Amino acid sequence: MSSRASRRGRLFILSAPSGTGKTTVAERLVARAAGVRRSISYTSRRARVGETDGVHYHFVTRERFEAMIAGNQFLEWADVFGHLYGTSLVDTERVLAAGDDLLLVIDVQGGRHVKRQGVPAVSVFLLPPSLAVLESRLRGRDRDSPDAIRTRLEVAREEIRAYSEYDYVLVNDEVDRCVERLSCIIVAERCRLAGMAAAAEDIAGGFPAPGA
Ligand code: 5GP
């Protein structure tokens with residue numbers, strides 16, 4: 001059996017409209033699934049109460065972020081609600097080269113950017129059960145002003161159509177069920193022939209050919 005370090009990790013993209021619960025789903029998934037890391041993005045927005053630099057995001061100035069863009073240091077980046085967010089190329093490569101799978105929790109623009117570059121990735125879109133549920137979640141989390149909530153809902157009405165560009169679709173009606181399904185997707189992707197060929201050949205090679 002090939003060891004974890006001898007194979008490259010896989011890239012998973014998780015996107016959803018703001019308020020769908022993708023951060024919670026991603027955190028619970030990473031807590032229970034072995035060999036899956038969550039990417040820590042860079043952002044030019046300020047930390048919210050309870051957020052820690054290097055844990056939730058790498059918080060940097062807009063100038064530093066723009067210098068990183070100029071230096072081609074991002075796998076992808078996007079302007080989301082007026083702030084810049086991006087996935088570090090070096091960090092991504094480090095995780096994948098170590099044989100761990102990496103989950104990018106990024107917006108639809110970021111997902112498109114990764115795919116456009118032809119980077120192999122499995123993409124998962126998380127849908128809220130309905131517009132009404134999304135609206136009540138956005139209001140309930142008490143984080144945004146009424147104007148900001150209106151903007152998020154408008155963006156959601158556009159972004160939701162992007163589900164058809166993704167490999168898998170999950171409905172976040174119940175967080176644990178959603179995490180379970182995401183975990184199943186990851187396990188299934190790990191069992192694909194492309195990733196298992198070397199290990200399978202090792203085993204099959206130990207079986208003498210019929211008649212030999
Ligand atoms: P928040 O500020 O609420 O943490 O995130 C706002 C949005 O930015 C979310 O949709 C989140 O998924 C997205 N986002 C976070 N990190 C990245 C990233 O590295 N790249 C892209 N494209 N979007 C990101």
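Preceding this section is the structure that the text describes.
Just so it is clear, the model here is predicted, and its values are computed rather than measured.

Thoughts on the nonpolar core
In a soluble, globular protein the nonpolar side chains are often hidden away together inside.
Then, in step 1: By size, the foremost hydrophobic cluster in this structure holds 19 residues, and its most contacted members are Leu14, Val25, Leu29, Leu103, Leu126, Leu170 and Leu182.
Then, in step 2: When contributions to this core are tallied by element, the ones reaching two or more residues are β1 (11–15), α1 (22–32), β7 (101–105), β8 (122–127) and α7 (175–190).
Then, in step 3: Tallying contributions element by element places α7 first for this core, with five residues.
Then, in step 4: The next biggest cluster of nonpolar side chains, apart from the first, holds 14 residues, and it includes Leu11, Leu75, Val114 and Tyr166.

Here we look at the sheet that holds β1
Across a sheet, paired strands are connected by hydrogen bonds in the backbone, their directions being either parallel or antiparallel.
Then, in step 1: With respect to topology, five strands assemble into an open sheet ordered β2-β7-β1-β8-β9, the strand pairing being parallel. In the strand order of this sheet, the two ends are held by β2 (36–38) and β9 (168–171), each with one partner. Going from strand to strand, the sheet's axes swing by 25 degrees on average, the running direction of each strand aside.
Then, in step 2: As defined by bridge partners, β1 adjoins β7 across four bridges and the pair is classed as parallel. Across the sheet, Leu11 pairs through a bridge with Leu102, a residue of β7.
Then, in step 3: The strands touched by α1 within the sheet are β1, β2, β7 and β8, with β2 carrying the most contacts at an inclination of about 145 degrees.
Then, in step 4: With respect to the sheet, helix α3 (residues 89–97) is in contact with β1, β2 and β7, its orientation differing from that of β7 by roughly 145 degrees.

Section: the sheet that holds strand β3 (residues 42–43)
Then, in step 1: Taken in spatial order, the four strands line up as β4-β3-β6-β5 in an open sheet, and their pairing is mixed. Because the sheet does not close on itself, it has two edges, and the strands there are β4 (58–59) and β5 (74–80).
Then, in step 2: For β3 and strand β6 (residues 83–88), the ladder comprises two bridges, and the chain directions are antiparallel. When the bridges of β6 are listed, Thr43 appears paired with Tyr85.
Then, in step 3: Across the sheet, helix α2 (residues 62–70) lies against β3, β5 and β6, angled at about 45 degrees from β6, the strand it touches most.

Thresholds, definitions, all that
Residues numbered from 1 in each chain as written. Predicted model: local features only at pLDDT ≥ 70, side-chain atom pairs only at ≥ 80, totals over all residues. Heavy atoms only, no water. Core = buried A, V, L, I, M, F, W, Y, C linked by side-chain atoms within 4.5 Å. Buried < 20%, exposed > 50% of the residue type's maximum accessible area, 1.4 Å probe, protein only. Helix = DSSP H or I, 4+ residues; strand = E, 2+ residues; numbered from the N terminus. Pairing = 2+ DSSP bridges. Axes fitted to C-alpha atoms, helices over the stretch in contact; angles between N-to-C directions. Contact = heavy atoms within 4.5 Å.

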